[in-house]
Amino acid sequence: MSNINDEIWYNYALGIQTWAGKSQPDPNTVYFIASAVNKGPAAGSFVPDANMNFTLNKICDALIRSGSPVYRYISAVKLEKNLEQGLLQQLKEATEESVAAQTNYNAQRDNAIAEWKKDEYSGRDANVGLQIWVTSNAPLMLNARVLRDSRAQVVSQLNSQIFGAGSAKLEQEKNACLQADERTVPVPGLNMKVVDGQISANEYRKYYKAFKMGRSVTMDEWARVPLDANYEFNFTIKSEQTKEVDWSKVGHEEGVGGFKLGWFQIGGGASKDWNESSVVKESGSFEIQLSAQRAGLFNVYPGDWNVKQFNKIYPDTVGDIQLAKDAVQPTQLLCASRVKLRVKFTGAKETAFDNLVKEVKGGSGGFSILGFRVGGSAGSTEDEHSHESTLDKKDGWYEIKPTLVDGSCSMLAVIGNKFNA
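Reference entry: report on the structure contained in this document. Fair warning: this is a prediction, and the values are worked out from it, not measured in the lab. (Residues numbered from 1 in each chain as written. Predicted model: local features only at pLDDT ≥ 70, side-chain atom pairs only at ≥ 80, totals over all residues. Heavy atoms only, no water.)

1. So, the overall build of the protein chain
Rules: The numbering of helices and of strands both runs from the N terminus, where a helix is a DSSP run of H or I of at least 4 residues and a strand a run of E of at least 2. The cut-offs for exposure are 20% and 50% of the maximum accessible area for each residue type, with area from a 1.4 Å probe on protein chains only; residues under the lower value are buried, those over the upper are exposed, and the others partly exposed. Contact definition: two residues touch when any of their heavy atoms are within 4.5 Å. Using a 1.4 Å probe, the Shrake-Rupley method yields the accessible areas, and only the shown protein chains count as cover for residues.
Within the protein chain one finds 12 helices and 14 strands. For the protein chain, with 421 residues in total, the buried portion stands at 48%. Put simply, of all contacts in the protein chain between residues at least 6 apart along the chain, 79% involve residues at least 24 apart. As presented, the protein chain carries roughly 20,600 Å² of accessible surface, and 47% of it is formed by carbon and sulfur atoms.

Structure representation (structure tokens):
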């Protein structure tokens with residue numbers, strides 16, 4: 001990897017931070033700059049909430065489920081104990097029974113969902129919601145749910161006897177996280193409806209409540225901006241003016257940004273086939289200009305399951321919770337409308353890049369500059385979430401624009417709060 005790689009990504013991150021209007025960010029805030037120009041959540045008065053929520057779900061999904069940073073942290077909390085041996089033994093047995101009941105419920109729920117999908121007359125294909133369908137068609141799931149809840153109640157009561165009043169709050173936090181993951185119908189504050197066809201409308205899951213009004217109204221306004229309107233957001237990166245790297249200015253500890261991808265890559269197959277382009281090693285200079293007609297921050301709010309200020313509420317923990325300590329809670333997305341990248345090379349770099357462009361336009365592979373991809377294939381996962389871009393040359397500048405659909409924009413960064421703050 002070239003020495004200048006980190007400098008270019010860092011300068012890109014500083015530019016994105018400026019667009020976010022936070023040149024002096026909170027020390028507990030981290031900026032994760034997208035290594036590929038991602039599709040922002042589609043929104044607007046003509047876009048169903050479910051479509052927007054689906055993308056938010058994909059972006060912020062890491063904070064939910066048993067085994068998530070949130071759940072792992074609260075599961076590691078240490079409370080003072082009443083060490084009466086009889087109660088401890090009862091708790092051990094009750095916990096084993098609760099785990100078994102939960103496992104059985106999960107299996108019965110999965111079976112019920114599978115049967116509901118196959119029931120063409122009174123199931124999903126007949127537009128009958130899962131929650132309604134199970135009341136008449138899934139007695140095993142309903143019985144398993146009752147048993148699970150009763151076993152969990154016993155554990156909660158024993159915890160209160162052993163660990164005191166604080167255990168009730170802890171158990172409530174843990175159960176809220178589990179419920180947000182397991183619910184098959186939307187529950188305000190716990191999960192949300194997501195789009196049909198990608199995840200069935202009746203398999204509502206996860207946890208984020210989209211900031212509907214602010215985002216939808218803004219996207220309506222962005223869509224009305226004329227195509228030839230001025231670009232209000234701009235910044236430039238020049239090869240001879242790259243700044244000293246200090247990733248701590250965008251919130252990363254010990255000054256490490258974590259970028260292992262080259263700022264200029266070439267490839268053609270799956271993501272693993274993309275490598276740093278040899279163009280960067282040629283003599284000459286380059287200039288990159290980033291522009292967007294509109295850009296803004298959009299809030300995403302965690303559900304009622306969320307635990308705030310972990311260390312202050314639960315300072316004592318046991319076991320390995322490094323994942324939770326290093327985790328970041330997404331709070332905002334930085335999105336831009338009609339973003340574009342212009343790049344100009346000189347010397348041998350220009351000749352090498354011109355030749356590369358001819359190959360790409362001839363159908364041979366592709367390249368990516370700061371995540372703006374032209375040609376090639378990014379792999380199935382990346383193709384689903386990232387934009388491919390168009391390429392034109394004018395007055396010596398190559399202009400790269402992500403392809404967009406109505407109601408969409410480009411997501412350039414995720415901003416979040418450190419759990420360990």
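2. Observations regarding unusual backbone geometry
Look at R338: it is not a glycine, yet its phi comes out positive at around 50 degrees. Structurally, R338 can be placed in the loop between strand 8 (328–337) and strand 9 (340–345). For D395, which is not glycine, the phi torsion reads 55 degrees and is therefore positive.

3. Some words on the pattern of salt bridges
Selection criterion: Salt-bridge detection follows one rule: a side-chain nitrogen of Lys or Arg within 4 Å of a carboxyl oxygen of Asp or Glu.
Summed over the entire model, instances satisfying the criterion amount to 10 salt bridges. A salt bridge links E115 to K118, with the shortest nitrogen-to-oxygen separation between them at 3.2 Å. Here E115 and its partner K118 are both found in helix 4 (residues 85–118), 3 residues apart, which amounts to about one turn of the helix. Judged by its relative accessible area of 58%, K118 is exposed. When the shortest N-O distance is used, the salt bridge between R148 and D149 registers 3.0 Å. When its relative accessible area of 40% is taken as the criterion, D149 is described as partly exposed. Here the salt bridges do not stand alone but share partners, grouping K340, R342, E399 and K401 into one network.

4. Quick word on the sheet that holds strand 5 (residues 275–276)
To be explicit about the condition: Strands are labelled as partners when DSSP assigns at least two bridges between them.
Reading across from one edge, 5-4-10-11 is the order of the 4 strands in this open sheet, with antiparallel pairing throughout. Bordering the open sheet on either side are strand 5 and strand 11 (372–375), each of which pairs with just one other strand.

5. Digging into the packing of aromatic side chains
Applied cut-off: By convention, a stacked pair of Phe, Tyr or Trp rings (six-membered ring in the case of Trp) has centres within 6.5 Å and planes under 30 degrees apart, an edge-to-face pair has planes over 60 apart, and any other such pair is tilted. Note on geometry: a ring has a charge over it if NZ (lysine) or CZ (arginine) is within 6 Å of the ring centre and within 35 degrees of the ring normal.
For the coordinates displayed, the defined rule picks out 14 aromatic pairs. When the ring of W19 is compared with that of F233, the centres are 5.9 Å apart and the planes differ by 70 degrees; the resulting orientation is edge-to-face. Within this pair, whereas W19 is found in helix 1 (residues 4–19), its partner F233 is found in strand 3 (residues 233–238), the two being separated by 214 residues in sequence. Comparing W19 with F233, the two get one shared label, buried. Considering the side-chain rings of W263 and F264, the 5.7 Å spacing of their centres and the 55 degrees angle between planes classify their relative orientation as tilted. Here W263 and F264 have matching classes, each one buried. Ring pairing ties together the aromatic residues W263, F264, F286, F345, F353, F367 and Y398, which thus form one cluster. It is R148 that lies over the ring of Y105; its NZ or CZ is 4.3 Å from the centre.

6. Brief notes about the nonpolar core
For the record, the criterion: Joining through side-chain atoms within 4.5 Å is the link that ties buried Ala, Val, Leu, Ile, Met, Phe, Trp, Tyr and Cys residues into a set, and such a set is a nonpolar core.
Counting residues in each nonpolar core, the largest one holds 47 residues, and the members touching the most others are Y12, W19, W263, F353, F367, I369 and L370. At 8 residues, the largest contribution of residues to this core is made by helix 1. Core analysis: the second largest hydrophobic core is formed by 15 residues, Y71, V77, C177 and V307 among them.

By themselves these figures say nothing about function.
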